[in-house]
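Descriptive analysis of the structure
Spelled out, the chains give:
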Amino acid sequence: MSPHRANVTRPATARPPDRAATEAALQSAALALLERNGVLAGLNLREVAAEAGVNRGLVYHYFGSRRALLRAALRSDLRQRIGDFEPAFGLPAPTRLATTFRTFLRHRRAVVLAALLALDGDPLARMIPDREGTRVRIARDKAEGHLPADLDGDATHIAIASLIYGYLVFCERFAAELDVEVADLDQRVADVVERLVAGLAPARA
């Protein structure tokens, strides 16, 4: 064997990226950028790729579009957080509604991402992810006397959801204009929400 041939080093074969790990990294990067830059700043896929430390082409290869990436990030985020909401499902209204609001305060990012998808015109975005479950719980509340029998259940849920989305999307701006800390305003607003939803209970004779 020629000594020259013995010293030849073959180029390493590039290993294909781990798809699951890359997708997770891109979703995390998208969420981090939204949290850092704000929901209305939009999402630049070049920045997402840089944040995740991958080639920008992989964003399109794995997700196809900015909207698809946001959807995937939202699903992943909700899967991690849904367990925090479940303990309140068995509580009677309005305790459940007040507890749910306080829980959402710990999950601001998921709400902002859902709002961004809706504002972006995504037809698959769901602002009421558990519509039927919510209807069942409100019907139970009416039957057990925790809510008035003639209360419009869907409208009640939408009113509370609107409060949640509106506050969580703009809470930092509200706090800045009031010159207070977000955490302090969170607590104050949650206290007011608790008093508001308490008013939904039927009057006791």
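One structure accompanies this document, and this report is about it.

Scoring rules and cut-offs
- In every chain, residue numbers begin from 1 and rise along the written sequence.
- For this predicted model, a pLDDT threshold of at least 70 governs which residues receive local features, and a threshold of 80 or more governs which side-chain atom pairs are given and counted, while totals over whole chains, interfaces and linings are taken from all residues.
- With hydrogens and water set aside, each side-chain value is computed from the structure's full complement of heavy atoms.
- Strands here mean DSSP runs of E at least two residues long; helices mean DSSP runs of H or I at least four residues long; both are numbered from the N terminus.
- Each residue is placed in one exposure class: buried if its accessible area under a 1.4 Å probe, protein chains only, is under 20% of its type's maximum, exposed if it is over 50%, and partly exposed if it falls in between.
- As used here, the arc is the angular range of directions from the helix axis to the C-beta atoms.
- Any pair of residues with heavy atoms lying within 4.5 Å of one another is described as a contacting pair.
- Any pair of nitrogen or oxygen atoms within 3.5 Å is treated as a polar contact; in protein, a donor-acceptor pairing is required on top of that, and neighbouring residues in sequence qualify only through side-chain atoms on both sides.
- Take the buried residues of types Ala, Val, Leu, Ile, Met, Phe, Trp, Tyr and Cys, join any two whose side-chain atoms come within 4.5 Å, and each joined set is a nonpolar core.

Below, the discussion takes up unusual backbone geometry. P94 follows A93 through a cis peptide bond whose omega is 5°. Position of P94 relative to the elements: it lies in the loop between α5 (66-85) and α6 (95-104). Despite not being glycine, D179 shows a phi value in the positive range, around 60°. Locating D179 in the fold gives a position in the loop between α9 (153-178) and α10 (182-198).

So, on to helix α4 (residues 56-63). Think of an α-helix as turning once every 3.6 residues; residues three or four places apart then point the same way. Taken together, the buried positions of α4 are L58, V59, Y62 and F63. Take α4 and look down its axis: the buried residues cluster within an arc of 110°, on one side only. Those residues of α4 that are buried are in contact with α2 (19-37), α3 (45-52) and α5. Structurally, the start of α4 carries an N-cap: the backbone nitrogen of G57 is 2.6 Å from a side-chain oxygen of N55. Within two residues after α4, G64 carries a phi angle of roughly 85°, on the positive side.

Attention now moves to the environment of V54. Residue placement: V54 occurs in the loop between α3 and α4. Looking at V54, the relative accessible area reads 22%, which means it is partly exposed. Separated by 32 residues in the primary sequence, V54 and T22 have C-alpha atoms spaced 7.6 Å apart. When neighbours within four sequence positions are excluded, V54 is seen to be in contact with T22, L26 and A49.

Let us look at the nonpolar core. Membership of the largest hydrophobic core comes to 45 residues, with the highest contact counts inside it found for V48, L69, F101 and Y167. Secondary structure elements with two or more residues in this core: α2, α3, α4, α5, α6, α7 (108-119), α9 and α10. No other element matches the eight residues that α9 contributes to this core. With residues up to four places along the chain from it excluded, the contact list for V48 reads L26, A29, A30, L33, L43 and L69.

Function cannot be inferred from these measures alone, as they are strictly geometric.
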